[in-house]
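A closer look at the structure
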Amino acid sequence: MPEFYAYTDGACSGNPGPGGWGVLLQAKEGEAVLKERELKGGDADTTNNRMELLAAISALEALGRDTTITVVTDSAYVKNGVTSWIHGWKRNGWKTKDRKPVKNAELWQRLDEAQKRHAVTWKWVKGHAGHPENERADELARAGMAPFKS
């Protein structure tokens with residue numbers, strides 16, 4: 001039975017500024033890659049955090065059926081947000097512990113919805129540290145941003 005992975009990354013030129021997101025989806029048996037799919041997109045005026053979130057959302061929304069998947073991100077914001085902070089935000093009506101509105105709440109809500117039908121394990125890796133799949137996701141994110149850069 002193959003194991004499924006989504007390697008996600010976001011990029012921004014300026015923050016805010018033009019940005020992009022990238023996803024490398026893989027089905028693996030051991031170290032062997034059985035199938036691979038690449039996704040990318042971007043926005044003319046966004047932030048790095050929004051692009052990191054959209055990468056994770058896009059990975060999960062692209063899956064056609066309920067899947068057990070490991071999402072690998074170099075964003076502590078995404079990993080900590082979805083595995084820890086989101087529970088308090090939901091209890092507090094999408095407010096922080098300081099009672100301020102959660103930034104990017106609509107994307108956090110979309111991510112929460114996207115992960116409901118899957119069994120997701122979230123894993124953080126250090127970015128720009130030679131992790132091949134993370135580097136490929138970064139390339140895809142920069143390619144997704146390219147049409148929006150002047």
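Quick note: structure is the one above.
The sections below set out a description of the structure shown in this document. (Residues numbered from 1 in each chain as written. Predicted model: local features only at pLDDT ≥ 70, side-chain atom pairs only at ≥ 80, totals over all residues. Heavy atoms only, no water.)

1. Structural notes on the overall build of the chain
Inclusion rule: Here a helix means four or more residues in a row that DSSP labels H or I, a strand means two or more in a row labelled E, and each is numbered from the N terminus. The atom set for the radius of gyration is the C-alpha atoms, and the globule formula is 2.2 Å times the number of residues raised to the power 0.38. Throughout, exposure labels follow a simple rule: accessible area from a 1.4 Å probe, protein chains only, divided by the maximum for the residue type, with under 20% read as buried, over 50% as exposed, and the rest as partly exposed. In this analysis, two residues are considered to be in contact whenever any of their non-hydrogen atoms come within 4.5 Å of each other. Here, Shrake-Rupley sampling with a 1.4 Å probe gives the accessible areas, and only protein chains in the shown set may cover a residue. We score Asp and Glu as negative and Lys and Arg as positive, and we do not count His or the chain ends. Working definition for charges: the position is that of NZ of Lys, CZ of Arg, CG of Asp or CD of Glu.
Looking only at helices and strands, the chain has four helices and five strands in total. N-terminal to C-terminal, the α/β element order of the chain is β-β-β-α-β-α-α-β-α. Relative to its length of 150 residues, the chain is compact, with a C-alpha radius of gyration of 15 Å against a globular reference of 15 Å. Buried positions account for 47% of the 150 residues belonging to the chain. In the chain, 66% of the contacts between residues at least 6 apart in sequence involve partners at least 24 apart. Total accessible area on the chain is roughly 8,000 Å²; 49% of this is exposed by carbon and sulfur atoms. Taking the 22 positively charged and 20 negatively charged side chains of the chain as two groups, their mean positions are separated by 6 Å.

2. A closer look at the sheet that holds strand β4 (residues 68-73)
Put simply, the test is: The criterion for strand pairing is that DSSP finds at least two bridges linking the strands in question. Fitting a line to C-alpha atoms yields each axis, with helices limited to the stretch in contact; the angle taken between N-to-C directions then spans 0 to 180 degrees.
If you walk across this open sheet you meet the five strands as β3-β2-β1-β4-β5, and the pairing is mixed. Either end of the sheet is taken by a strand with one partner, and the two such strands are β3 (32-46) and β5 (119-124). The mean inter-strand angle of the sheet, taken between neighbouring strand axes irrespective of direction, is 20°. Inspection of the sheet shows strand β2 (residues 17-29) paired to β3 by 12 bridges, in the antiparallel sense. Residue pairing across strands places L25 opposite R37, the latter belonging to β3. Together, β1 (3-12), β2, β3, β4 and β5 form the strand contacts of helix α1 (residues 48-61), whose direction differs from that of β1 by roughly 155°.

3. A look at helix α3 (residues 105-116)
An α-helical turn contains 3.6 residues, so a residue and the one three or four places further along point in the same direction. Convention followed: Here the expected length of a helix is defined as 1.5 Å per residue gap, with one fewer gap than residues.
For α3, spanning 12 residues, the distance from its first C-alpha to its last is 17 Å, which sits close to the expected 16 Å at 1.5 Å a residue. Residues of α3 that are buried: A105, L107, W108, L111, D112, A114 and Q115. For α3, the elements touching its buried residues are α1, α2 (76-91) and β5.

4. Side note on the layout of surface pockets
Here is the rule: A 1.4 Å probe that fits but cannot get out identifies a cavity on a 1 Å grid over protein atoms alone, an open set with protein on both sides within 12 Å along at least five of seven lines counts as a pocket, and a residue lines either if it has an atom within 4 Å of a point. Grid points are joined across faces, edges and corners, and a volume is the space filled by probe spheres set on the points. Here the nonpolar group is Ala, Val, Leu, Ile, Met, Phe, Trp, Tyr, Cys and Pro; Asp, Glu, Lys and Arg are the charged ones; every other residue, Gly included, is treated as polar.
The space that makes up the largest pocket amounts to roughly 270 Å³. If you trace the largest pocket, you find 14 residues lining it, with F4, L25, K35, R37 and L63 closest to the centre. Here the lining of the largest pocket is built from residues that sort into seven nonpolar, three polar and four charged. For the second largest pocket, the calculated volume is near 180 Å³. Lining the second largest pocket we find M1, P2, E3, F4, R65, D66, T67, T68, I69, T70, A119 and T121.

5. Concerning the packing of α2 against α3
Between two packed helices, both the angle of their axes relative to each other and the distance between the axes serve to describe the pair. Test applied: Orientation is classified from the angle alone, with under 35 degrees giving roughly parallel, over 145 giving roughly antiparallel, 65 to 115 giving roughly perpendicular, and any other angle giving oblique.
Where α2 meets α3, the axes come as close as 11 Å, and the angle between the chain directions of the two elements is 95°. One finds that α2 runs roughly perpendicular with respect to α3. Along the contact surface, α2 presents Y77, V78, G81, V82, I86, W89 and K90, while α3 presents W108, L111, D112 and Q115. Residues of the contact of α2 with α3, tallied by class, amount to seven nonpolar, two polar and two charged.

6. Let's talk about the side chain of D9
Let me state the cut-off plainly: A carboxyl oxygen of Asp or Glu within 4 Å of a side-chain nitrogen of Lys or Arg is what we treat as a salt bridge.
Topologically, D9 is positioned in strand β1. Although D9 lies buried, it forms no salt bridge, and the closest oppositely charged side chain, R142, sits 6.9 Å away as judged by the N-O distance.

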